[in-house]
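Notes for the structure review
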Amino acid sequence: MLKIEHLTKSFATRNAVSDISLSIPQGQMVGIIGRSGAGKSTLLRMLNRLADPTSGSIYFENRDIAKLSGKALYEWRASCAMVFQQFNLVGRLDVLTNVLTGRLYHHGIMSSMLQMFSASERAFAIKALDRLGMAHTALQQADTLSGGQMQRVAIARALVQQPKILLADEPIASLDPLNAKIVMDALRTINREDGITVLANLHTLDTARTYCDRIIGLQDGVLVFDGPPEKLTLEMAREIYGAEAEEAFSEGMTSTALAGVPAKERLTERDLQRHSDMSMS
Amino acid sequence: MMANSLPNIDDKTLLSLRNQYPGAFGATSKQLIRTLVVVSLVAYTVASLWYFEVWRLASASDRAWRLISAMFNWQDMANWQYAQIYSGIAQTLAMAFLGTILATIAALFIGFLAARNTMPISPIRHLVRRMLDVLRGVDQLVWGLVFVRAVGLGPLAGVLAIFVSDTGTLSKLYSEAIENIDRKQVEGIRATGAGPIKTVRYGYLPQVMPVFISQSLYFFESSTRSATILGLVGAGGVGMIIIERFRANLFDQVTFVVLNVLVCIFVIDWLSKKIREKFIGETRH
């Protein structure tokens, strides 16, 4: 159970996130929607403390995450993995090493400096890559991959962290529809099979509706909607998106809505493999 | 005539326009300054030529010719001390290599202390930068003289001189490379729970390594050249051999040694290119 209480982040002139309180049970898949600048990214980045909250608390297993520092903070980040809009892989390292950086928290300084990862860690990393259909690229340099492939490697990196929570900051905003679907399906599979709580910032309403158990709407840093997708009325959605409504609802941007694939179907790993093969060809 | 085809402009309009846009009509003061600058530049050049007695060049042509012919008229080659010459060259290469590698190792740490994004505590950063300025500001030859005094004649002084001055410059260049990296990749590593040292190792180092390698290779090449000069002030290596033969008027041997050094520098240049291609040119798309 992740419990957020009165979480606020202020910048010089305004609040990016103001006074948000939420509680998210373990294993839920949550979509956070809102127009650009609504505070979605700031909220996620506060959860793994890439951004520090101005006030408020984040409780997980009876610890206040907002107060962690040093080793305890690194441990929290290791158990609260993140994937990013721009994938944030280290371009000049090979794919396998990128995935293995997910194990860095568990390593001492010496073994980290010398890139000494154990055989079982390597095997675990390859299995994580294989789940995302990316094992065949393991020894390729990361910056030779396409965007969709990079995001899948980034998810594999998150998986080897063996996290309890996975934060996804606009995971599909830089991808084409097919790759967006592969990535969202992968997140959904991870959520269902591993019981990892997934919190994803999603720009498009349709994706949030299709994949998430629960939708959270932010507007100018304020929580304006919290409930199951069915409860999100069209008027409410228009209100949340404001001037960006057309863009968020439009067919071109509802990127994961491919014809002929049942939306909430539980996907198996074989499906993932098939999708990845489709994207290869 | 262009001026005749223009419509006539009366003096009053001209005057008011002149006052409105003084810069547009070519101010006389500016023209005067420009003329003065040109005249003084010419005068300074002529005066310098006169001061340095440039006409001696004409009378020295005879001597210069003899020097040049002595350089290319190789005599008594069987008795040249090849062992001494080549061990001098080897010593110079070793000096340059050791000095550069030590400077690289030092700069690897100091560079991160001098970069804004890896050293947020600005007093420390500024202290490090000012110290680097001192190392850089004093010329390598001066460091050479200092170390010859400190540790005596020989290659150790040369190694130290190269180490100190290269550390100053390399650290500065490294810190600039560190400041220009992609923040997103660093964030990706930070988000895995890696502490600051691990983040530097996996987020920063892979990005800056090609630049580091390339700059250090260039400094190895450049240090080989300057190690030759350092020998002239007594800091060991082939420079000492050159100056000894120069004093003994053995110009043919001087030429021979210099040509050998040149070959070495070409080889290093070629090798650096190969190494650079190996480590940096491997991004395929």
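Keep in mind that this is a model prediction, so the values were computed, not measured.

1. Focus on the overall build of chain A
Per the secondary structure count, chain A includes eleven helices and ten strands. Taking all 281 residues of chain A together, the buried fraction comes to 57%. Across chain A, contacts joining residues at least 24 apart in sequence account for 71% of those joining residues at least 6 apart. Summed over its atoms, the accessible surface of chain A is roughly 11,200 Å², and 53% of this surface lies on carbon and sulfur atoms.

2. Here's the deal with helix α12 (residues 238-247) of chain B
Because an α-helix completes one turn every 3.6 residues, residues spaced three or four positions apart along the sequence face the same direction. Residues and elements named next belong to chain B. Of the residues making up α12, those classed as buried are Val 238, Gly 239, Ile 241, Ile 242 and Arg 245. The buried residues of α12 occupy an angular sector of 160° when the element is viewed end-on, so they sit on one face. Tucked inside the fold, the buried residues of α12 contact α6 (82-114), α11 (196-232) and α13 (251-280). Phi turns positive, to about 60°, at Asn 249, one or two residues after α12.

3. Re the side chain of Lys198(B)
Secondary-structure assignment places Lys198(B) in helix α11. Lys198(B) has contacts with Leu104(A), Tyr105(A), His107(A), Gly108(A), Ile109(A), Ser112(A), Met113(A), Ile189(B) and Gly203(B), leaving out every residue within four places of it along the chain.

4. Observations concerning the interface of chain A and chain B
It is common to report an interface's size as the accessible area lost on association of the parts. The interface is formed by 33 residues belonging to chain A together with 26 residues belonging to chain B. Taken together, both faces of the contact between chain A and chain B bury some 2,600 Å²; the carbon and sulfur share is 57%. Taken together, the connections running from chain A to chain B amount to one salt bridge. Its salt-bridge partner being Glu187(B), residue Arg45(A) comes within 2.6 Å of it at the nearest N-O pair. On the surface where chain A and chain B come into contact, there are nine residue pairs in polar contact (both at pLDDT 80 or more). Tallied by class, residues from the side of chain A that touches chain B come to 14 nonpolar, 14 polar and five charged.

5. Concerning the sheet that holds strand β4 (residues 55-60) of chain A
Residue and element names in this part refer to chain A. If you trace the four strands from one edge of the open sheet to the other, you get β2-β1-β4-β5, paired in antiparallel fashion. What marks the edges here is a single partner per strand, and that holds for β2 (15-24) and β5 (63-64). Here strand β1 (residues 2-10) runs beside β4; their pairing, made up of five bridges, is antiparallel. Across the sheet, residue Glu 5 finds its bridge partner in β4, namely Ser 57.

6. Brief notes about the packing of aromatic side chains
Residue and element names in this part refer to chain B. Under the criterion given, the structure shown has 15 aromatic pairs over all chains. Between Phe 112 and Tyr 204, the aromatic rings sit 6.2 Å apart at their centres with planes inclined by 85°, giving edge-to-face as the arrangement. In this pair, Phe 112 is assigned in helix α6 and Tyr 204 in helix α11, connecting sequence segments 92 residues apart. A relative accessible area of 5% means that Tyr 204 is categorised as buried.

7. With respect to the nonpolar core
Residue and element names in this part refer to chain A. Ile 33, Leu 129, Val 153, Ile 155, Leu 166, Leu 187 and Leu 232 are the most contacted members of the largest nonpolar core, which has 59 residues in total. It is helix α6 (residues 147-160) that provides the largest number of residues to this core, a total of eight residues. Of all hydrophobic cores here, the second largest spans 31 residues; its members include Ile 20, Leu 44, Phe 60 and Leu 218.

8. A look at the UniProt feature "domain: ABC transporter" (unreviewed entry) in chain A
Summarizing the sequence annotation, UniProt attributes the feature "domain: ABC transporter" (unreviewed entry) to residues 2-245 of chain A in the numbering used throughout. A distance of 30 Å separates the end C-alpha atoms of residues 2-245 of chain A, which is 37% helix and 24% strand.

9. Details of the packing of α6(B) against α12(B)
Any two packed helices are characterised by the angle at which their axes cross and by the distance between the axes. All names here are of chain B. Between α6 and α12, the shortest axis-to-axis distance is 7 Å and the interhelical angle comes to 140°. As the angle between them shows, α6 and α12 are arranged oblique. Residues Gln 84, Ile 85, Gly 88, Ile 89 and Thr 92 of α6 pack against Val 238, Gly 239, Ile 241, Glu 244 and Arg 245 of α12. Along the lines of polarity and charge, the residues of the contact of α6 with α12 split into four nonpolar, four polar and two charged.

10. A short note on the domain arrangement of chain B
Under the domain assignment used here, chain B contains domain 1 (10-51) and domain 2 (80-280). Put simply, the middle of domain 1 of chain B and the middle of domain 2 of chain B, counted by C-alpha atoms, are 48 Å apart.

11. As for the pattern of salt bridges
All names here are of chain B. Applying the stated criterion across every chain yields a total of 23 salt bridges over all chains. The partner of Arg 129 in a salt bridge is Glu 179, and the shortest N-O contact between them spans 2.8 Å. Residue Arg 129 is found in helix α7 (residues 122-137), and its partner Glu 179 is found in helix α9 (residues 155-179); the two are separated by 50 residues along the sequence. A relative accessible area of 21% places Arg 129 in the partly exposed class.

Cut-offs and rules
Residues numbered from 1 in each chain as written. Chains lettered and ligands numbered in written order. Predicted model: local features only at pLDDT ≥ 70, side-chain atom pairs only at ≥ 80, totals over all residues. Heavy atoms only, no water. Helix = DSSP H or I, 4+ residues; strand = E, 2+ residues; numbered from the N terminus. Buried < 20%, exposed > 50% of the residue type's maximum accessible area, 1.4 Å probe, protein only. Contact = heavy atoms within 4.5 Å. Areas by Shrake-Rupley, 256 points an atom, 1.4 Å probe, with all protein chains shown as cover. Arc of directions from axis to C-beta. Buried area = accessible area lost by both parts, 1.4 Å probe. Salt bridge = Lys/Arg side-chain N within 4 Å of Asp/Glu carboxyl O. Polar contact = N/O pair within 3.5 Å; in protein donor to acceptor, adjacent residues only side chain to side chain. Nonpolar A, V, L, I, M, F, W, Y, C, P; charged D, E, K, R; others polar. Pairing = 2+ DSSP bridges. Phe/Tyr/Trp six-rings, centres within 6.5 Å; stacked < 30°, edge-to-face > 60°. Core = buried A, V, L, I, M, F, W, Y, C linked by side-chain atoms within 4.5 Å. UniProt positions renumbered as here; feature names shortened; annotations may be inferred. Axes fitted to C-alpha atoms, helices over the stretch in contact; angles between N-to-C directions. Parallel < 35°, antiparallel > 145°, perpendicular 65-115°, else oblique. Domains from an automatic or database assignment.

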